[in-house]
Structures are given as structure tokens and as C-alpha cells.
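Working through the structure, step by step
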Amino acid sequence: DGGITQSPKYLFRKEGQNVTLSCEQNLNHDAMYWYRQDPGQGLRLIYYSQIVNDFQKGDIAEGYSVSREKKESFPLTVTSAQKNPTAFYLCASSINRVSGELFFGEGSRLTVL
Amino acid sequence: QQQVKQSPQSLIVQKGGISIINCAYENTAFDYFPWYQQFPGKGPALLIAIRPDVSEKKEGRFTISFNKSAKQFSLHIMDSQPGDSATYFCAASSTDSWGKLQFGAGTQVVVTP
């Protein structure tokens, strides 16, 4: 089955620790995205990548980093510089930048204690 | 600030009733307007989408109405069912935005039996 796999589903970390969230897709999509979801605020774009070895900052990139070394993979690191990291993180992909439709993974819920 | 404003924040409708969710935008470059449906603990999934060359699009019980001059669009869920209970997000993007979607804050819909 084609789709987007995010792991882990739940993650607890202490303040000050970096955390890496995994996102893998087998849809052969060019574009991948990371969104953050907070109650009452919808989804906000963190980073996106249209092609391997290239990525761009979204609206709320501060305190996050990404890499895109393979077409199928787009991991997100939540660094200790992110002031409020507790949130639901969603990875998505699209065929290309023109297609419009995003396919989402099931999300990773990060709680920083 | 949010580029797409969505209302209401929540609504309760009886089974068989009509659910109506409204969205407004300012950016006239937006040319793609999707609606996503999200169940608790899951990622959003595309429900229906419209482009500004049509004023209405219907898929089953779901209809998007689009008013280009007012810069507004809405989702109507006809004959609402308990299985429609979910959070609904409107979104918008432009062709030159590399597929980046701007999401509304979401509407939690509860359909009572």
C-alpha cells in the first residue's frame, strides 16, 4: 500500500533535548512538507522540499531543521531552540508543486516535559 | 496572521441536518481551494476541492460554494451523518506558491444521532 509513514506516533522528551521525527513516503512524490498542528490554529507550515537536496523555510521554521537526502525521506528535527515544541506534527507529500493535493501521514505527537 | 479565516470554530448538527462551514481569504492570487477532513489522532485527508473558474462543486453529500468577488467559499454537508463527525479545514494556495497550502483554523463538527 502506498502512503506516508510517520514515526514515532508518540514521543516524550525533556526540555533542552533535540528530537528527530521520521517521515517516509512510497508514493514517488517530488514534494514533501512538514506542518505543525495546535488546537484552534489549524496547520502551519514548518518546512517544505520540492526536490532532493533542496528545502525551503515555511511560516514557522525557527527552532526546526530538516534534510532531504533521499526522495522518499524528509526527517524533521525539533531543536532545543524551539520555544514551544509540544504539538502534533504532520508530514505530507504531493506529486509536484502544481498538483495541489497533499497526502498526509498519521502524525507524530511530541510532548516536551 | 492567518491568511484564511474559517468559521464557526465548532458546530453541532442533528443527523440528517445541513452543516455549513465558511471561509474567507484576502490573497487574490489564490487559485486552489481544498477542504480537508480530519478524524481524531489521524492526518487530514482531502475531501473536495475547487478552482475559481466554477462557482460550485458537488461530490455526493459534500458541496463547495465559491464566491470570487466576495473572496469567500463554503462547505455544505447535506444529510449529515454521525460518521461525518470530524474536524474540517479549508485551505488555499496559488500556483506560484510551490504547492504550499494556507489552512484555516478548523471547524469541529459533531453530528448527534
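Above this text sits the structure in question.
A brief structural summary. (Residues numbered from 1 in each chain as written. Chains lettered and ligands numbered in written order. Predicted model: local features only at pLDDT ≥ 70, side-chain atom pairs only at ≥ 80, totals over all residues. Heavy atoms only, no water.)

**Examining the overall build of chain A**
Spelled out, the test is: For the purposes of this entry, the term helix denotes a DSSP run of H or I that reaches at least four residues, the term strand denotes a run of E that reaches at least two, and both are numbered from the N terminus. As defined in this context, the radius of gyration uses C-alpha atoms, and a globule is described by 2.2 Å times the residue total to the power 0.38. Throughout this description, buried means an accessible area under 20% of the type-specific maximum (1.4 Å probe, protein chains only), exposed means over 50%, and partly exposed covers the range between. Exposure was quantified through the Shrake-Rupley algorithm and a 1.4 Å probe, taking into account, for residues, occlusion by the shown protein chains and nothing else. For the purpose of counting charges, residues Lys and Arg are taken to be positive, whereas Asp and Glu are taken to be negative. His and the chain ends are not included. Each charge is placed at NZ for Lys, CZ for Arg, CG for Asp and CD for Glu.
Summing up its helical and strand segments, chain A has zero helices and 11 strands in all. Taken from the N to the C terminus, the helices and strands of chain A come in the order β-β-β-β-β-β-β-β-β-β-β. Relative to the 2.2 N^0.38 estimate, which gives 13 Å for 113 residues, the radius of gyration of chain A is 13 Å and therefore close to what a compact globule would have. Once the C-alpha set of chain A is aligned to its principal axes, its extents read approximately 35 × 30 × 25 Å. Counting over 113 residues, chain A shows a buried share of 47%. Only carbon and sulfur atoms are counted for the fraction: they give 47% of the accessible area of chain A, which is about 5,600 Å². Charged side chains of chain A number 12 positive and 12 negative; the gap between the two group centres comes to 6 Å.

**What about the packing of aromatic side chains?**
All names here are of chain B. Note the cut-off: What counts as a ring pair is set by centres within 6.5 Å for rings of Phe, Tyr and Trp (its six-membered ring), and what kind of pair is set by the plane angle: stacked under 30 degrees, edge-to-face over 60, tilted for all other angles.
Per the stated rule, a full pass over the model turns up 16 aromatic pairs over all chains. Judged by centre distance (6.1 Å) and plane angle (55°), the rings of Tyr25 and Phe30 are tilted. Assigned by exposure class, Tyr25 and Phe30 land together as buried. Their ring planes at 45° and their centres at 4.9 Å tell us that Tyr25 and Phe33 sit as a pair that is tilted.

**Quick notes on the nonpolar core**
To keep things clear, this is the line we draw: Here, the term nonpolar core denotes a set of buried Ala, Val, Leu, Ile, Met, Phe, Trp, Tyr and Cys residues that are joined through side-chain atoms within 4.5 Å. Only heavy atoms enter the contact rule, under which two residues are in contact if any of them lie within 4.5 Å.
Judged by nonpolar contacts, the single largest core of 24 residues is most densely connected at B:Phe33, B:Trp35, B:Phe73, B:Leu75 and B:Tyr88. Sorting the residues of this core by element identifies β2 (10-14), β3 (19-25), β4 (33-38), β5 (45-50), β7 (62-67), β8 (72-77), β9 (86-92) and β11 (107-112) of chain B as the ones contributing at least two each. With four residues, β9(B) is the single largest residue contributor to this core. Residue contacts for B:Tyr88: discarding those within four places in its chain leaves B:Gln6, B:Ile21, B:Tyr36, B:Gln37, B:Leu47, B:Phe62, B:Leu75, B:Ile77, B:Gly106, B:Thr107 and B:Val109. Listed in part, the 20 residues of the second largest apolar core include A:Val19, A:Trp34, A:Ile46 and A:Leu76.

**Looking at the interface of chain A and chain B**
Selection rule: Accessible surface is computed with a 1.4 Å probe, and the buried area is the amount of it that two parts give up when combined, taken over both parts together. Every case where a carboxyl oxygen of Asp or Glu lies within 4 Å of a side-chain nitrogen of Lys or Arg is listed as a salt bridge.
If you look at the interface, chain A gives 23 residues, while chain B gives 20 residues. In this assembly, chain A packs against chain B so that about 1,800 Å² is buried in total across both faces, 53% of it on carbon and sulfur atoms. At the boundary of chain A with chain B, the tally comes to one salt bridge. The partner of B:Lys42 in a salt bridge is A:Glu106, and the shortest N-O contact between them spans 3.3 Å. Taken together, the elements giving at least two residues each to the side of chain A that touches chain B come down to β4 (31-37), β5 (43-51) and β9 (87-94) of chain A. With four residues, β5(A) is the largest single contributor of residues to the side of chain A that touches chain B.

**A short note on the sheet that holds strand β6 (residues 56-59) of chain B**
Residues and elements named next belong to chain B. The test is simple: Note: two strands are recorded as paired if DSSP finds a minimum of 2 bridges between them. As a rule, the C-alpha atoms of each element are fitted with a line to give its axis, helices using only the stretch in contact, and angles between N-to-C directions run from 0 to 180 degrees.
Reading across the sheet, the five strands line up as β1-β3-β8-β7-β6 and stay open at both edges, with antiparallel pairing between neighbours. Lying at the two open borders of the sheet, with one neighbouring strand each, are β1 (4-7) and β6. Taking the axes of each pair of neighbouring strands and ignoring which way they run, one obtains an average angle of 15° across the sheet.

**Some thoughts on the side chain of A:Arg68**
All names here are of chain A. Under the convention used in this document: Polar contact criterion, stated in full: a pair of N or O atoms within 3.5 Å, where within protein one must be able to donate a hydrogen and the other to accept it, and residues adjacent in sequence count only if both atoms are side-chain atoms.
Here Arg68 lies in the loop between β7 (64-66) and β8 (76-78). No salt bridge is formed by the buried Arg68; the nearest opposite charge belongs to Asp30, separated by 6.2 Å. Engagement of the side chain of Arg68 in a polar contact is seen with the backbone oxygen of Lys71, the distance being 2.8 Å.

**Considering the pairing of β8(B)**
Residues and elements named next belong to chain B. Here β3 runs beside β8; their pairing, made up of six bridges, is antiparallel. Its bridge partner lying in β8, Ser19 is registered against Ile77. Direction of pairing for β7 relative to β8: antiparallel, over a ladder of six bridges. The residue of β8 that forms the bridge with Ile64 is Leu75. With antiparallel pairing between neighbouring strands as the criterion, β7 and β8 make up a hairpin whose turn holds four residues, including Lys71 at a positive phi of roughly 55°.

Structural measurements only, silent on function.
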